[in-house]
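Letter by letter, the chains look like this.
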Amino acid sequence: MPKTGKQVTHGGSDSRIAIAIMAAGKGTRLKSKHPKVLHEVGGKPLLAHVIAAAAKVLPAQHVYAIIGYEAPRVREAVGHTGVNFILQEKQRGTGHALMVAREALQSYNTVIVLSGDAPLIQPRTIERLRDFHFAQAPAMTILTARLHDPTGYGRVIRKSASSAEVRAIVEEKSATPAQKKIHEINSGFYAFSVERLYGFIDQLGTDNAHGEFYLTDMAAVFRKAKQRVVAVETHDPHEILGGNTRIELTEIDQHLRLAKCLALMAAGVTVYYPQTCVIDADVEVANDTVIEPFVQLLGTTRIGSDCRIKSYSVIRNSVIDDGVVLLPGCVIDDSQVKAGAVLGPYSRLRPGCEIGEAAHVGNFVEIKKTRLGRRSKANHLTYLGDSEIGEGVNVGAGTITCNYDGAQKYKTIIEDGVFVGSDTTLVAPVRVGKGAYIGAASCITDDVPADSLALGRARQTVKEGWVKEKNAQRAGKPK
Ligand code: UD1
Ligand code: CA
């Protein structure tokens, strides 16, 4: 069977294949101002999932997304995938979407049609639809599913129970009570002979509940024209679920999240209470890492092996190397944590941090755009921004880099082996040389040379016996 859209031969005819993804609809049932296909499940827009599946079957240059409602936003969100776009300016139904695609698809022999709002579709199922279509060579092949509750879906009327041939698809709104009892539904995924689709598509009408051109009516159109229409049933009915309502969106999201956790577990990662974890589709985790309940791993996050990610940590677009321990409640964005580091509880890495090997970042420490060197420690109640911190540095409790003067940001540089006493403020730009010591509670406004002690605080004065004297004075005073 052909694996790509290149010139391939099947049954004597050459088969140029395209995939068209219908993604122009507004999504009225979501009651949203945002286009339906940009609503997210598993951390990605619905349409991005469908494109990803399509692009595993055909190169992106043969994939066409039919867009319309808020088209510029949709194009912007998925443009990087390299697929083509077809504009359906007015959305007059799924049949109309394919009418608009006529010119773009004309040079192909076969088109597989997918729904931009059904993100669980798997490449192997698209291939199965394609292969069945090639084997049967009909005008139209419909991918069907048997659902326990078929409510809302178009029902597939086969010629007879055992026949692959289909007489019609009846939408829920026009179905008779007897037809509503049919559990085999139209998935909204089809394969068509391009020549025959466009030979007959103009026979679609709009005499239905929505006054739209239904692509589903092609089944009846073809049948009237004595063109074969066949159905192939999917093995996994989950794959065809569409996100038409908020409830359906969250159901699909849960399905994807759980599947992701199960896939990670199959690959050697322990995920405790996977129902509570939110792990995006593209996240990678290496084996022997343990993920505790209520963890979120988002975007392009990559986690090495032998890590322990404790509860309530939220990590986005970050790289965590092997053997890192994240104690509860860490929030990490666009940063890198090197092997063996320990963070938390409640550490926050804002974008642009690099935490060195075996470094320690403790509770209520906020770090931004800062490199913290190997084996350095910032364990308590600290803010480090726009800083370069060397190896083996001890940053005492309550240290603050004053990196901002109200207009500009400045750098703090702390070289290897420095000891920063507690409650130090470092007024940037400032550099503390190798091996220097800063006394506790210092305000450091000038550079500190290597190996020196810097004290930047008022000297302590002690008045011995002061309290006693004061009390004696008070006692002697008449009331
Ligand atoms: C459709 C099918 C139904 C099937 C179901 C499976 C029709 C008439 N009905 O119903 O038989 O059981 O899918 O999920 O096709 N779209 C456009 N342009 C338009 C209208 C829609 O691109 O003018 C897009 C939508 O953005 C969506 C897809 O087509 O991605 C399907 O449209 P939708 O309105 O969700 O159809 P359903 O009511 O789900
Ligand atoms: Ca739908």
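Residues numbered from 1 in each chain as written. Chains lettered and ligands numbered in written order. Predicted model: local features only at pLDDT ≥ 70, side-chain atom pairs only at ≥ 80, totals over all residues. Heavy atoms only, no water.

1. Here's the deal with the coordination of the calcium ion (ligand 2)
Right, so step 1: Looking at the metal site, the calcium ion (ligand 2) is ligated by Asp117 (OD) and Asn244 (OD1), spaced 2.3 to 2.5 Å from it. Separated by 127 residues along the polypeptide, Asp117 in the loop between strand S8 (110–115) and helix H5 (123–136) and Asn244 in the loop between strand S13 (229–233) and helix H9 (246–266) bring together distant segments of the chain. (Donors = N, O, S within 2.8 Å, 3.2 Å for Na, K, Ca; no water. Helix = DSSP H or I, 4+ residues; strand = E, 2+ residues; numbered from the N terminus.)

2. Some remarks on unusual backbone geometry
Right, so step 1: Cis geometry marks the peptide bond from Gly344 to Pro345, where omega comes out at -5 degrees.
Right, so step 2: Along the chain, Pro345 turns up in the loop between strand S26 (342–343) and strand S27 (347–349).
Right, so step 3: A cis amide bond links Ala428 with the next residue in sequence, Pro429, at an omega value of 0 degrees.
Right, so step 4: Relative to the assigned elements, Pro429 resides in the loop between strand S37 (425–427) and strand S38 (430–432).
Right, so step 5: Non-glycine residue Ala358 carries a positive phi angle of around 55 degrees.
Right, so step 6: Secondary-structure assignment places Ala358 in the loop between strand S28 (354–355) and strand S29 (360–368).
Right, so step 7: In the Ramachandran plot, Ala441 falls in the positive-phi region, its phi being about 65 degrees despite a non-glycine side chain.
Right, so step 8: You can call Ala441 partly exposed: its relative accessible area is 38%. (Buried < 20%, exposed > 50% of the residue type's maximum accessible area, 1.4 Å probe, protein only.)

3. Some details on the confidence of the model for the protein
Right, so step 1: In the predicted model, the protein carries a mean pLDDT of 95, and 96% of its residues have values of at least 70.
Right, so step 2: Contacts from residues 1–14, a stretch scored under 50 in pLDDT, to residues over four places away or in other chains number 29 contacts. (pLDDT = per-residue confidence, 0-100. Contact = heavy atoms within 4.5 Å.)

4. Considering the packing of aromatic side chains
Right, so step 1: A full pass over the atoms with the stated rule returns seven aromatic pairs.
Right, so step 2: Ring geometry for Phe192 and Phe222: centres 6.5 Å apart, planes at 45 degrees, overall tilted. Placement of the pair is Phe192 in strand S12 (residues 184–193) and Phe222 in helix H8 (residues 218–224), with a sequence separation of 30 residues. For the pair shown, Phe192 and Phe222 are each scored as buried.
Right, so step 3: Measuring from ring centre to ring centre gives 5.7 Å for Phe200 and Phe222, while their planes differ by 70 degrees; the resulting arrangement is edge-to-face. Of the two residues, Phe200 is situated in helix H7 (residues 194–200) and Phe222 in helix H8; the sequence distance between them amounts to 22 residues. Each member of the pair, Phe200 as well as Phe222, carries the same accessibility label: buried. (Phe/Tyr/Trp six-rings, centres within 6.5 Å; stacked < 30°, edge-to-face > 60°.)

5. As for the environment of Leu147
Right, so step 1: Mapped onto the elements, Leu147 comes out in the loop between strand S9 (140–146) and strand S10 (155–158).
Right, so step 2: Along the chain, Leu147 and Arg158 lie 11 residues apart, while their C-alpha atoms are 16 Å from each other.
Right, so step 3: If sequence neighbours within four positions are ignored, Leu147 has contacts with Tyr153, His183, Ile185, Pro237 and Ile240.

6. Some remarks on H9
Right, so step 1: A rise of 1.5 Å per residue sets the reference length of H9, with its 21 residues, at 30 Å; its end C-alpha atoms lie 30 Å apart and thus fit the reference within 8%.
Right, so step 2: Considered for burial, the residues of H9 that qualify are Leu249, Ile252, Leu256, Arg257, Lys260, Cys261 and Leu264.
Right, so step 3: The secondary structure elements touched by the buried residues of H9 are strand S4 (40–41), helix H1 (46–55), strand S14 (270–271), strand S15 (278–279) and strand S16 (284–285). (Expected span 1.5 Å × (residues − 1).)

7. Things to note about the side chain of Thr289
Right, so step 1: Looking at the secondary structure, you find Thr289 in the loop between S16 and strand S17 (290–291).
Right, so step 2: A polar contact is formed between the side chain of Thr289 and the backbone nitrogen of Cys307, at a distance of 2.9 Å.
Right, so step 3: The residues contacting Thr289, other than those within four sequence positions of it, are Gly268, Val269, Thr270, Ile303, Gly304, Ser305, Asp306, Cys307 and Ile309. (Polar contact = N/O pair within 3.5 Å; in protein donor to acceptor, adjacent residues only side chain to side chain.)

8. A closer look at the site of ligand 1
Right, so step 1: In the region of ligand 1, 24 residues are neighbours, and Gln88, Gly93, Thr94, Glu171 and Asn186 sit closest.
Right, so step 2: Ala23 has a polar backbone atom sitting 3.4 Å from an oxygen atom of ligand 1.
Right, so step 3: In the environment of ligand 1, an oxygen atom lies 3.1 Å from a nitrogen or oxygen atom belonging to the side chain of Asp117.
Right, so step 4: For ligand 1, whose accessible area on its own is 750 Å², the fraction buried by protein is 89%.
Right, so step 5: Where the shell around ligand 1 is concerned, the elements lending two or more residues are strand S3 (17–23), helix H3 (94–100) and S12.
Right, so step 6: Top element by residues in the shell around ligand 1 is S12. It accounts for three residues.
Right, so step 7: When grouped by side-chain class, the residues that make up the shell around ligand 1 number six nonpolar, 13 polar and five charged. (Near = heavy atom within 4 Å. Areas by Shrake-Rupley, 256 points an atom, 1.4 Å probe, with all protein chains shown as cover. Nonpolar A, V, L, I, M, F, W, Y, C, P; charged D, E, K, R; others polar.)

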